[in-house]
Each structure stands twice: as structure tokens, then as C-alpha cells.
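# Close look at the chain arrangement
Spelled out, the chains give:
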Amino acid sequence: MVSSIPTPEPANLQTGIKAPVRETLLTPRFYTTNFDAVAQMNLSGQQKELEAVVAELRADYNRHHFVRNEEFKQSWEHIDGETRQSFIDFLERSCTSEFSGFLLFKELSRKLKNRNPLLSEAFSLLARDEARHAGFLNKAMADFGLSLDLGHLTKHRHYTFFPPEWVIYTVYLSEKIGYWRYILVYRHLEKHPEHRIYPLFRYFESWCQDENRHGDFFKALLRSQPKLWNNWKSRLWARFFLLTVFATHTLTVLERASFYESIGIDPREYNMQVIRKTNETSIRAFPSVLDTQHPQFFERLERCAIANQKLTEISNNNRPIIIQFFQKLPAIAVIVWQLLRLYLLKPVNTEDSRGTVY
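Notes on the structure in this doc start here. (Residues numbered from 1 in each chain as written. Predicted model: local features only at pLDDT ≥ 70, side-chain atom pairs only at ≥ 80, totals over all residues. Heavy atoms only, no water.)

Check the secondary structure of the chain and you find 12 helices and 7 strands. Computed over the C-alpha atoms, the radius of gyration of the chain is 20 Å, within 12% of the 21 Å expected from 2.2 N^0.38 for a compact globule of 358 residues. Taking the principal axes of the C-alpha coordinates as reference, the chain spans close to 55 × 50 × 45 Å. Among the 358 residues that make up the chain, the fraction classed as buried is 53%. (Helix = DSSP H or I, 4+ residues; strand = E, 2+ residues; numbered from the N terminus. Rg over C-alpha atoms; globule rule 2.2 N^0.38 Å. Buried < 20%, exposed > 50% of the residue type's maximum accessible area, 1.4 Å probe, protein only.)

The structure is reproduced here in C-alpha cells:
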């Protein structure tokens, strides 16, 4: 039986509604997919694994975790200036990302209800978790006098179509990289509580376990589809999505450097740790991963980040669109060239010898 899916609650009816950020390459997106193709997936190769992960999700270990305690009941005016703005930006993008997952999983559960009960229940449970995360983050924004109109986002945000195979690759990676993002921040603040500027960070340890379980579900789903891991095309796709996620993470972290510095984290070192840990984790799921130990790997990603900052500056210079277009071409060329060079680096084959560079 499919469990009910809670819709994220509004943060606070008294707070201001924040205008959504302008959509860019780094803005979390909303997705839809081919629901019929998902319903027809043959899961027999990983049936036991999928059932085990669904049982973990059904146990709902965090059912009582996302409850705001007394520590939230204070003024946060002392968080001001650039730190305040960067933290609100972090909350907004995180909330939008979680809400995007909620909408996709909710629709998958609804469309599969009478066609694939196991997947329908799994997506219902995933949607439950994402709804909690989004609602908790939106309430955190309310502490700063703002909230997102999630209903408006549902109706007016552009939806991008991804084939089911792309959804599996990208959601697996987004959940696993989410685990490493949260747990590394949590561990850092456990050692340096003087940098814990807001109580939200205390919730990250259990929170990231939701991300981990979600990733485990998508790993089992990926391994149930041989075409996603046992041929040359799957090797190319795996590396493509790894690079896409790692490049996006690098650009986002370095763009938000002031936020990470405000909690005592070196953004470059943090970015390297998150990417390397996610790449290592992906060895268990993907047929091929990137060589993040290559001496040029992070150097080229940071060149992309510098070029992206240039694109942002051009977008904000109020010149005519046609002039901005030509101004952007050199920076776009830098990003494309650096990503191509990274993609062509000798990868790590995980199927033949579990981590031998070929």
C-alpha cells in the first residue's frame, strides 16, 4: 500500500514571500520523465536489494527528527551583511532542490500506483522525505523574514524532460553528493562549534542518512537495468553525469565561497573532499568513474568556476542582450574546453578490477 505523501507546509504566513532566483545553469531544476517506461522496468536482477531498501525507507527512522526545538526561538538579526545573504541563498537553493525531488517522486508514485506497486511505494517514501526537508528549510528561511511560495513554484517553474535513464544517473549522484555535502559540514561543526551560526546544522547527521538511503535505492534501480552499467555507452554516460554534477558543485561552492567561509570551511578544500568522496562512492554503482586524483582535475574545474563568475558579471552589466551574448562567448568557450579536457582524461574502470585505471 502506498503511504500518503505530505505536502511541504508553508513556512509562516506572516513572512515575506521571496521572489525565486533567476534561473541559471546552477539553479536547481524541476524534472519530468517517461512514466510509462519506468513502469515497464524489469527489476528482477535487483528485486531483493530493492525490497531491502524500501523496507529501510518504510522504517522511517527520521519521522521525529525534523522538529524545531527551542534553539530556533530567537532573533537572528546578528547574522547580517554578506553572511546573511549567502546563508539565505544556501537555504533557498537547498529548499528548491528538495522540493524539486518531492514533485518528481510524488508524480512517479502516482503514475505507477496500479502498475508497479514496489516502485510506487518507494517513490512515495522518497517524496515523504523530500517534503520534510523542503518544509524544514522553508521554515528556516522564515527565521530570516522570507519564505518560498512552493505552490507558485509548482505551477510556474519550467519543467525539464529527462529520460528515465538520465533521472536514475542524476538522482543517484545528487543524493550521494548530498550525503557527503551534509556529513562533511556536520563533522566540521562538531569539531568547531564556534562556527555553528544557526541550529539547522545540528540536524545534518540524521538528515544525510536520508540522502544515503535515497542513493542506495537509485543504485539498486540502476544495477537492475544492465544497459546502464554493462556496455561502452554506459561508461560514457556515467562519466558524463559525474562530470556534470562535479562541475556544477564546483561552480556553486566557489560562487558561494562567503557562506562556507562564514562557517569556517575552506570552500576549495571542501569542494575537493565532496567530489572525491562522491567519486569513490560511485565506484559501487557505475561501470566507470573519473580520475579525481589527476593533477589537472581540480585545476580545470576551477578555471570553469572563474569563467562562470565572468558570465555572471556580464549578465549583471545591463548592456543589450546581443552585446552580452558576444561578451560571453570567450568564457563559454573556456568552460566547454576545460570540461572536454576533463572528460577525455583516462577514467577509472570499476567493473574489471574495481578501480584500475585503463
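As a further point, take the pattern of salt bridges. A full pass over the atoms with the stated rule returns 21 salt bridges. Here Arg256 ties to Asp89 by a salt bridge, and the two come within 3.3 Å at their closest N and O atoms. With Arg256 in the loop between helix H8 (232–255) and helix H9 (257–262) and Asp89 in helix H3 (residues 81–112), this residue pair connects regions lying 167 residues apart in the sequence. Here Glu299 and Arg303 are joined by a salt bridge, their closest N and O atoms 2.4 Å apart. One end of the pair is Glu299 and the other is Arg303, both in helix H11 (residues 297–315) and 4 residues apart, which spans about a single turn. Salt bridges sharing common partners tie together Asp60, Arg128, Asp129 and Arg132. (Salt bridge = Lys/Arg side-chain N within 4 Å of Asp/Glu carboxyl O.)

For the rest of this paragraph, the subject is helix H4 (residues 117–142). With 26 residues, H4 ought to run about 38 Å at 1.5 Å a step, and its terminal C-alpha atoms sit 37 Å apart, in line with that. Of all 26 residues in H4, 23 are buried, a share of seventy percent or more. (Expected span 1.5 Å × (residues − 1).)

So, about the side chain of Ser262. Note on placement: Ser262 falls in helix H9. A polar side-chain atom of Ser262 sits 2.5 Å from the main-chain carbonyl oxygen of Phe259. The residues touching Ser262, leaving out its near neighbours within four places in the chain, are Thr83, His195 and Ile197. (Polar contact = N/O pair within 3.5 Å; in protein donor to acceptor, adjacent residues only side chain to side chain. Contact = heavy atoms within 4.5 Å.)

A few words on unusual backbone geometry. Look at Asp60: it is not a glycine, yet its phi comes out positive at around 55°. For Asp60, the location among the structural elements is in the loop between helix H2 (47–59) and H3.

Bringing a negative patch on the surface into the picture now. Together, Glu82, Glu261, Asp266 and Glu269 make up a region of like negative charge exposed at the surface. Here Glu82 is to be found in helix H3. Under the relative-accessibility criterion, Glu82 is labelled exposed at 60%. (Patch = residues over 30% accessible without salt bridge, like charges linked within 9 Å, V, L, I, M, F, W, Y side chains within 5 Å. Areas by Shrake-Rupley, 256 points an atom, 1.4 Å probe, with all protein chains shown as cover. Lys, Arg positive; Asp, Glu negative; His and termini not counted. Charge placed at Lys NZ, Arg CZ, Asp CG, Glu CD.)

The next thing to look at is the packing of aromatic side chains. In this structure the tally under the stated criterion is 43 aromatic pairs. Ring centres of Trp166 and Trp237 lie 5.4 Å apart, and the angle between their planes is 50°; this geometry places the pair in the tilted category. Taken together, the residues span a long stretch of sequence, with Trp166 in helix H6 (residues 164–191) and Trp237 in helix H8 at a distance of 71 residues. Trp166 sits in the partly exposed class, given a relative accessible area of 29%. (Phe/Tyr/Trp six-rings, centres within 6.5 Å; stacked < 30°, edge-to-face > 60°.)

Counting 99 residues, the largest nonpolar core has Phe123, Tyr198, Phe201, Phe217, Leu221 and Phe286 as the members making the most contacts within it. Every residue in contact with Phe217, bar those within four places of it in the chain, is listed here: Leu50, Val53, Leu119, Ala122, Phe123 and Leu126. (Core = buried A, V, L, I, M, F, W, Y, C linked by side-chain atoms within 4.5 Å.)

Without other data, these values stay purely geometric and don't point to any function.
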